[in-house]
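Close look at the chain arrangement
Spelled out from the first residue to the last, the chains are:
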Amino acid sequence: MAVVEYEVRGRVAYITLNRPDKLNAIDVEMRDMLWQRLHEVNDNPEIWMAVITGNGRAFSVGHDLVAMSGRSDALYDPEISTEDLYVYQSEIFKPIISAINGFCLAQGGGIALASDIRIASDQAQFGWPQAKRGIGSVSGPCMLAQLCLLTSRWSFCSRGT
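What comes next concerns the included structure.

What counts, and at which threshold
- Residues numbered from 1 in each chain as written.
- Predicted model: local features only at pLDDT ≥ 70, side-chain atom pairs only at ≥ 80, totals over all residues.
- Heavy atoms only, no water.
- Core = buried A, V, L, I, M, F, W, Y, C linked by side-chain atoms within 4.5 Å.
- Buried < 20%, exposed > 50% of the residue type's maximum accessible area, 1.4 Å probe, protein only.
- Helix = DSSP H or I, 4+ residues; strand = E, 2+ residues; numbered from the N terminus.
- Polar contact = N/O pair within 3.5 Å; in protein donor to acceptor, adjacent residues only side chain to side chain.
- Contact = heavy atoms within 4.5 Å.
- Phe/Tyr/Trp six-rings, centres within 6.5 Å; stacked < 30°, edge-to-face > 60°.
- Lys NZ or Arg CZ within 6 Å of the ring centre and 35° of its normal.
- Pairing = 2+ DSSP bridges.
- Right-handed = clockwise from strand over helix to strand, strands pointing away.

1. Some thoughts on the nonpolar core
Ranked by internal contacts, the top residues of the largest apolar core, which has 27 residues, are V4, I15, L34, L38 and I111. Looking at this core, the elements with two or more residues in it are strand 2 (12–17), helix 1 (28–43), strand 3 (49–54), helix 3 (82–91), strand 5 (96–100) and helix 4 (107–113).

Below is the structure:
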């Protein structure tokens, strides 16, 4: 079973994070497959847009903390990082939609924020909980702040207050 399912129907690529037993936590294999699939979306002229979603009860809870525990893991490869994935994703000229179901946390939130359009179910829950573990986060909160500054819909960021 692929950790990232990929299907093209019509001119739309469907990218599904597929580790439902781990709430679609991003390990090295998933990150590398996301890179491949996003390159396919960008490079294939027959694909006009992409939809990213998660299988099961989560969009993605971010990095797989078990895979990260040794810190020698390839998630820290300086040549390819999850943050580079966000940058690449945000530079693709084709529209990318994140269909967010369930938990969308940490790096999962980064993937959603790097999309052009985010559609959340009423079950979606967002956050950067790594701060509770003493792990700092810059990319996601900075991306959210930038998105809030660029959008005229402040209610997206402030829940209408």
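2. Remarks on the side chain of N101
Structurally, the position occupied by N101 is in the loop between strand 5 and strand 6 (103–105). A polar contact is formed between the side chain of N101 and the backbone oxygen of G56, at a distance of 3.0 Å. Those residues in contact with N101 that lie beyond four places of it in its chain are T53, G54, G56, R57, A58, F59 and S121.

3. Notes on the packing of aromatic side chains
Taken as a whole, this structure holds one aromatic pair when the rule is applied. Seen from their ring centres, W35 and Y88 are 5.6 Å apart, and the 35 degrees between their planes marks the pair as tilted. One end of the pair, W35, is in helix 1; the other, Y88, is in helix 3, with 53 residues separating them in the sequence. An identical accessibility class is assigned to W35 and Y88; each is buried. If you follow R9 out to its NZ or CZ, it ends over the ring of Y14, 3.9 Å from the centre.

4. Topic: the side chain of Q107
Among the structural elements, Q107 can be located in helix 4. Looking at Q107, its side chain comes within polar contact range of the main-chain nitrogen of H63, at 2.9 Å.

5. Some details on the pairing of strand 2
Burial runs high along strand 2: five of the six residues are buried. Count of turn residues in the strand 1 (residues 4–9)/strand 2 antiparallel hairpin: two residues, of which G10 carries a positive phi of about 65 degrees. Taken together, the six bridges between strand 2 and strand 3 define a ladder with parallel strand orientation. Across the sheet, A13 pairs through a bridge with A50, a residue of strand 3. Taken together, strand 2, helix 1 and strand 3 form a β-α-β motif whose crossover is right-handed.

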